[in-house]
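Listed below, chain by chain, are the residues.
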Amino acid sequence: MKNGGASALRNRGRVAVIATALMMTSALVPVMFATPAFAQAASATTAGQNGIDGQYAFDIPAQSLTSALAQFGVQTGLQVTVDGALARDVQAGGVSGTMRADTALEVLLRGTGLTYDVTADETVVIEAVVNGDAQGEVLDPVRVEANAADLSGPTDAITDSFVATRSRTASKTDTPILDDSSAVSVVTQKEMETRNVQDIQQAVSYTAGVQAAEYGSDYRYDYVRIRGFSQTSLSSYRDGLPVRIYNFTNSRPEPYGLQQIDVLKGSTSSLFGLNGPGGLLNMTTKRPEDEAGGEVFTTFGENHLRGGGDVTGPVVEDSNWTYRLTGLWQDAERSQDYSQDDRLYIAPAFTYKPKAGTELTILTSYSERDSGLGYGYPVGIETSRDAFFGEPDFNNFDTDETNLGYSLSHQINDKLEFRQNARYTHVDLTYETVYLNDTTPLGNRYAFAIYGELDRLGVDNQLQYDTTINDTFDSKTLFGIDFNRDQNRELRRDGNATAIDPYNPSYCGLSCITFTSSSDTEITQASYGIYAQEQLTIAEDWIATVGGRFDYVQSDTDTISSGTTAERDDHEFTSRLGLTYKATNEVSIYGNYSESFQPVYSGLASRPEGVRPQEGTQYEVGVKYQPETFDALFTASLFDLTQENVSQWNSSTSTYKQIGEINSRGLELEGKVSLDERTNMTLAYTYLDAEIKDDITTANVGNSPANIPEHQASAWLDYTIPGQGVFGDLTLGSGVRYTGERARNDGNTETLGSYTLFDAAVIYAVTDDVSLSVNATNLTDREYVSSNTFGSRYYGDGRTVLATLKYSW
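Just so it is clear, the model here is predicted, and its values are computed rather than measured. (Residues numbered from 1 in each chain as written. Predicted model: local features only at pLDDT ≥ 70, side-chain atom pairs only at ≥ 80, totals over all residues. Heavy atoms only, no water.)

What should I look at first to understand the packing of aromatic side chains in this one?
Two aromatic rings are characterised by how far apart their centres lie and by the angle between their planes. Evaluated as defined, the whole model comprises 28 aromatic pairs. Every member of this aromatic cluster is reached through a ring pair, and the members are Tyr215, Tyr221, Tyr223, Phe248, Phe397, Tyr431, Phe448 and Tyr794. One residue, arginine 227, lies across the ring of phenylalanine 639, its end atom 4.1 Å from the ring centre. Here lysine 624 stacks its cationic end above the ring of tyrosine 590, 4.9 Å away from the centre of that ring. (Phe/Tyr/Trp six-rings, centres within 6.5 Å; stacked < 30°, edge-to-face > 60°. Lys NZ or Arg CZ within 6 Å of the ring centre and 35° of its normal.)

Below you can see the structure in the form of structure tokens.
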């Protein structure tokens, strides 16, 4: 006989699970799972060939142990017997993904006090763990260790830890982060909820290699740099599909609608196509869950009120349909005078699982945001950082966004899987503003308006083949074809407004705004990509990754107001080479070479041989450590990244020239730790040596690019004090973020000072279902300049304190 069970745990990435094992006395009532007809059919295919050692595609939600074992029998074709008394009132965790049958069974039995034997005829017999005690006695709680990769699928939300051990983003496959030859940081749902993040900038602000909120109180977009390069325009993704900004029209994502954010660092075009060189952000939308649950909450602060809820579970009991409905409403003002941040977000989602290995998730959302803009302050204007120099009636950045998409996966057989992600997006933008002239702030003001409409369609098809060769090589082959099309039409109006006294502003309304010019432009870009990747594991210790992609991009700019059209076609092949060495089960050493390319619009560059895409190359080495004794992941990486063909403005000829070259090299250190159920911690440090290698202004060569700090660091720690008696658990958290001094301009003639910000959180469990939390950012209300660009200073946000009352079930 074979003996398995919870004691036969193996592999890496362990997390602690506390369970209570109950043994109940009762008459012996054998329960048979899997009908003989199905078992015979299965034995003719998978089960008969592989049995308990075979690989199967599992899709078993968390439920009663009796039902879970029944589904296990159906999905493997194995016969399972259990004493009905042993299984009564016992709950089993869920199992999802392709794995060995004995591994799946261990996950189902983990923490139940039960184990299993396999008879000579491959019948699985569930039995009690022999513990030396009389049968029927209640056992003490036991601590067992479970493999994190087995406990959840690649799209499951991580709601109980700051640590993620797997990511689909780095390789577009379900690969442990420890095994991947890239640096990837994951912000889990648990971390976002603990810090109560209000936007994407806040979510990634504790991540190594990331510089967030560069323009401070300018909240039109989420401004993010990765490894020194701006990623705002091209490098935002949602559910693996791009969310690109071609001019002005776009909408900020609602963080409450997300369950995870992956930060993939370095050049990524070999998988994702046109992209900036620094990396990308991939945001994962909240998805339906098999277990019913939900929450409702209200958040309040100074001029801030929001309410929302999130419910999920089966549509009906024992249904293969599950749902999720996430909603939020907010009525709020920002710190600057005459600013607002009103939101409405609703996101219905459904998942259909007709059989094991097949899953369709439909993701829809509607988001409405009515906000202002935030302003820079021209040099020489010294006044309150909350002062407003525009017109209250002409101060809007309002967006309406609608998304309709789906994610499909189908396990064709035990080796071959097909996946498809698709989404259609429509965005309407109303952008109206009046602002001070940077050079003559006491003169007439500028007036500017954009009325935009964006239609976006993205489809990514993936075929993955997994196989084992001679017990020495494990191969994971990925082939993909994707298509993305963005059509962005914008009506632009330029003009002026009468002057204002910055120190004693008196507003004049719409009557003092005069428009002198307008243009109507439509930008259409269609990109076609084909890519392939091989991940080859050699003798379990070496993992080689080789990938390549060919992109063809059509970009058309149609200036409707003047009747002119500019067309441009770009094509590029990019590659990636990576190697990981598993020094131990806990430590991996990796290196990679990767490339990026970024098309340039025809009007933005001029050179004798024509316009070329901006190209990036990266070399990187690093080490990752994932201890087996506690839940944590530590990463250290060294990188050297160069971007060429950078477009720069030549003021003497009033044209753009592609002669720029920027190099960024540095060190990143990051740790994410969840020591136990009480303690979470993040640590991050970035050293960045950025240098201008070529520039239209010769004197700038050798300088640091503007606004890139040499040093950044952050740390977060929260600890839960267990409740006693009538008092509930109390969680205390605090964080610190440091940004070093940086050059104000490429000429390095001025320097912006360093700053340190403190954040804090207090969470009190009023009952098991009700919590009250208070979160503060920039706790000391530090006044600092986040950047000084285009002749204006941009201040960072001041102190914000928000309290949240939440009921969960």
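Help me understand the state of the cysteines in this model?
Here is the idea: a disulfide is a covalent bond, and it sits between the sulfur atoms of two cysteines. Summed over all chains, the structure comprises one disulfide. Shown here is the disulfide that connects cysteine 508 with cysteine 512, its sulfur atoms set 1.7 Å apart. Looking along the S-S bond of the cysteine 508-cysteine 512 disulfide, the torsion reads about 50 degrees, which is the right-handed sense. Take cysteine 512: its relative accessible area is 10%, and that puts it in the buried class. (Disulfide = S-S within 2.5 Å. Buried < 20%, exposed > 50% of the residue type's maximum accessible area, 1.4 Å probe, protein only.)

Is there a simple way to explain the nonpolar core in this structure?
In summary, soluble globular proteins display a tendency toward joint burial of nonpolar side chains. Core analysis: the largest hydrophobic core is formed by 29 residues, its most contacted members being Phe58, Phe72, Leu105 and Ile126. The element best represented in this core is helix 5 (residues 101–109), accounting for six residues. Of all hydrophobic cores here, the second largest spans 15 residues; its members include Ile177, Tyr237, Leu271 and Tyr531. (Core = buried A, V, L, I, M, F, W, Y, C linked by side-chain atoms within 4.5 Å. Helix = DSSP H or I, 4+ residues; strand = E, 2+ residues; numbered from the N terminus.)

Quick question: what am I supposed to make of the side chain of threonine 284 here?
In this fold, threonine 284 is placed in strand 21 (residues 279–285). Among the residues examined, threonine 284 registers a relative accessible area of 14% and is labelled buried. Apart from the residues lying within four places of it in its own chain, the contact partners of threonine 284 are Asp239, Gly257, Leu258, Gln259 and Gln260. (Contact = heavy atoms within 4.5 Å.)

Would you take a moment to explain helix 5 for this structure?
Note that an α-helix has 3.6 residues per turn; residues three or four places apart therefore point the same way. Along helix 5, nine of the nine residues are buried, which leaves the element largely enclosed by surrounding structure. Phi turns positive, to about 80 degrees, at glycine 111, one or two residues after helix 5.

For this particular structure, what's the right way to read the pairing of strand 29 (residues 416–435)?
Every regular strand shows the same layout, with side chains that alternate between the two sheet faces. The buried count for strand 29 comes to 14 of 20 residues, which makes it a mostly enclosed element. Inspection of the sheet shows strand 28 (residues 396–411) paired to strand 29 by 16 bridges, in the antiparallel sense. The partner of leucine 404 across the bridge, within strand 29, is tyrosine 424. Where strand 28 hands over to strand 29, the hairpin turn is made up of four residues, counted between the paired strands. Strand direction decides the pairing type here: strand 29 and strand 30 (residues 445–469), joined by 20 bridges, are antiparallel. When the sheet's bridge partners are listed, phenylalanine 418 is paired in strand 30 with leucine 463. (Pairing = 2+ DSSP bridges.)

I keep staring at the sheet that holds strand 27 (residues 377–378) and nothing clicks. Help me out?
Consider a sheet: its strands pair through backbone hydrogen bonds, and that pairing is either parallel or antiparallel. Read from one edge to the other, the open sheet built from three strands follows the order 27-47-46, with strand pairing classed as antiparallel. Edge strands, defined here as strands with exactly one partner in the open sheet, are strand 27 and strand 46 (785–789). Sheet topology places strand 46 next to strand 47 (residues 792–795); four bridges connect them, and they run antiparallel. The residue of strand 47 that forms the bridge with valine 785 is tyrosine 795.

When you look at a negative patch on the surface in this model, what are you seeing that I'm missing?
A cluster of acidic residues, Asp471, Asp474, Glu540 and Asp541, forms a negative patch on the protein surface. With respect to the secondary-structure elements, aspartate 474 resides in strand 31 (residues 473–497). Using a relative accessible area of 34% as the deciding quantity, one classes aspartate 474 as partly exposed. (Patch = residues over 30% accessible without salt bridge, like charges linked within 9 Å, V, L, I, M, F, W, Y side chains within 5 Å. Areas by Shrake-Rupley, 256 points an atom, 1.4 Å probe, with all protein chains shown as cover. Salt bridge = Lys/Arg side-chain N within 4 Å of Asp/Glu carboxyl O. Lys, Arg positive; Asp, Glu negative; His and termini not counted. Charge placed at Lys NZ, Arg CZ, Asp CG, Glu CD.)

Sorry, what's going on with the pairing of strand 35 (residues 587–598) here?
Of all 12 residues in strand 35, 10 are buried, a share of seventy percent or more. Here seven bridges tie strand 34 (residues 564–582) to strand 35, and the two strands are oriented antiparallel to one another. Considered in strand 35, the bridge of leucine 577 is made with tyrosine 593.

It is not clear to me how the packing of helix 3 (residues 65–76) against helix 5 should be interpreted in this structure. Could you clarify?
What describes two packed helices is the angle between their axes and the distance between those same axes. Here helix 3 crosses helix 5 at 170 degrees, and the two axes come no closer than 11 Å. By the angle between their axes, helix 3 is roughly antiparallel relative to helix 5. In this structure, helix 3 contributes Leu65, Ala68, Leu69, Phe72 and Thr76 to the contact, and helix 5 contributes Ala101, Ala104, Leu105, Leu108 and Leu109. Here the contact of helix 3 with helix 5 is built from residues that sort into nine nonpolar, one polar and no charged. (Axes fitted to C-alpha atoms, helices over the stretch in contact; angles between N-to-C directions. Parallel < 35°, antiparallel > 145°, perpendicular 65-115°, else oblique. Nonpolar A, V, L, I, M, F, W, Y, C, P; charged D, E, K, R; others polar.)

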